[in-house]
Amino acid sequence: ELDGIQAYVGAGQVARLELPGGALELPGGVMRRGDFAGAFGRMARLYFAEPEGGLVEVGRVMNQKDAGSPRALLAALIAGPMPWEAGRPVVPEGIDAGDLLGVRVEGGEAAVNLSSNFYRYCQGLPEQGERDLVYAMVNTLTGLTGINRARFYVEGEPVDTLVGAIHLRGPLLPLPLS
């Protein structure tokens, strides 16, 4: 509940900070929260699998840029939960962030382009595993402002299904958690 702080080094008041992106002038020598907004992390919402199937929402602090990037969020999803986070990975082993070929957002829809390697490693997933994977990606993406649905492609081509349980020809809306 502070409006700002003043810092002194010896007898001199700090009125300017040299930062990697350039100097920051502090009018009146007062540092305010807004002066450092880009230096703080932002909460991102990722979805991982529950042990019995279904999804659990996990809040993860990420840097400002990544927390708002569809590609970075999907890369974090592919990497899986941190040891202290709830849930288990939704992405099969053998898949990495390089298998995410691209994400384009247009008109509220995220178009996700996956590699043939991603598709190949998913072929062994059970029905619940496919559902968890697809909706973990959809829910993670639709947590971003401006995205309300997602569509999937493999090597730039539309696919009917990833494994067989979920129809992927049209856009998917987020799955509500129970």
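Placed above this text is the structure.
So, here is what we can say about the structure in this document. Bear in mind that the values here come from a model prediction, so they are computed numbers and not experimental data. (Residues numbered from 1 in each chain as written. Predicted model: local features only at pLDDT ≥ 70, side-chain atom pairs only at ≥ 80, totals over all residues. Heavy atoms only, no water.)

Details of the overall build of the protein chain
Applied cut-off: Runs of H or I in DSSP of at least four residues are treated as helices and runs of E of at least two as strands, each being numbered from the N terminus. A 1.4 Å probe rolled over the protein chains alone gives each residue an accessible area, and that area as a share of the maximum for its type sets the label: buried under 20%, exposed over 50%, partly exposed in between. Contacts: residue pairs with any heavy atoms within 4.5 Å of one another. Using the Shrake-Rupley algorithm and a 1.4 Å probe, accessible areas are obtained, with residue cover drawn only from the displayed protein chains. Residues scored as charged are limited to Lys and Arg (positive) and Asp and Glu (negative), so that His and the chain ends carry no count. Charge positions are represented by NZ for Lys, CZ for Arg, CG for Asp and CD for Glu.
Within the protein chain, the regular secondary structure consists of four helices and 12 strands. Overall, the C-alpha framework of the protein chain stretches about 70 × 30 × 30 Å when taken along its three principal axes. Sorting the 178 residues of the protein chain into buried and exposed places 39% on the buried side. For the protein chain, contacts bridging at least 24 residues in sequence account for 54% of all contacts bridging at least 6. Split by element, the accessible area of the protein chain, about 10,000 Å² in all, is 52% carbon and sulfur. In the protein chain, 15 positive and 21 negative side-chain charges are present, and the distance between their average locations comes to 4 Å.

Overview of the packing of helix α2 (residues 70-79) against helix α4 (residues 127-142)
What counts here: Orientation is described by lines fitted to C-alpha atoms, with helices fitted over the stretch in contact, and by angles between N-to-C directions that extend from 0 to 180 degrees. By convention, the crossing between two helices is left-handed when the near helix turns anticlockwise from the far helix through less than a right angle, and right-handed when the turn is clockwise. When residue character is reported, Ala, Val, Leu, Ile, Met, Phe, Trp, Tyr, Cys and Pro are called nonpolar, Asp, Glu, Lys and Arg charged, and the others, Gly included, polar.
Packing of α2 against α4 leaves a shortest axis separation of 10 Å and a crossing angle of 145°. The handedness of the crossing between α2 and α4 comes out as right-handed. Here Pro70, Leu73, Leu74 and Leu77 of α2 come into contact with α4, specifically with Ala136, Met137, Thr140 and Leu141. Across the contact of α2 with α4, the residue classes tally to seven nonpolar, one polar and no charged.

Some details on the sheet that holds strand β10 (residues 109-114)
Quick reminder of the rule: At least two bridges found by DSSP between two strands are what make those strands a pair.
Strand order in this open sheet of four strands is β9-β10-β11-β12, and the pairing throughout is mixed. Of all the strands in the sheet, just β9 (100-106) and β12 (157-158) have a single pairing partner and so form its edges. Relative to strand β11 (residues 149-154), β10 runs parallel, the two sharing six bridges. Bridge pairing in β11 places leucine 114 opposite valine 154. Running over the sheet, α2 touches β9 and β10 and is turned about 140° from β9. Where α4 meets the sheet, it contacts β10 and β11, and its direction lies at approximately 130° from that of β11.

Observations regarding the pattern of salt bridges
What counts is decided by this rule: Basic side-chain nitrogens of Lys or Arg form a salt bridge, by our definition, when they fall within 4 Å of a carboxyl oxygen of Asp or Glu.
In this structure the tally under the stated criterion is 10 salt bridges. The partner of glutamate 85 in a salt bridge is arginine 60, and the shortest N-O contact between them spans 2.6 Å. With a gap of 25 residues between them, glutamate 85 in the loop between α2 and β9 and arginine 60 in strand β8 (residues 55-63) connect regions that are remote in the sequence. Salt-bridge contacts for glutamate 106 lead to arginine 104; the nearest nitrogen and oxygen are separated by 3.8 Å. Each member of the pair, glutamate 106 as well as arginine 104, carries the same accessibility label: exposed. Linked by salt bridges that have partners in common, Arg16, Glu18 and Glu25 make up one network.

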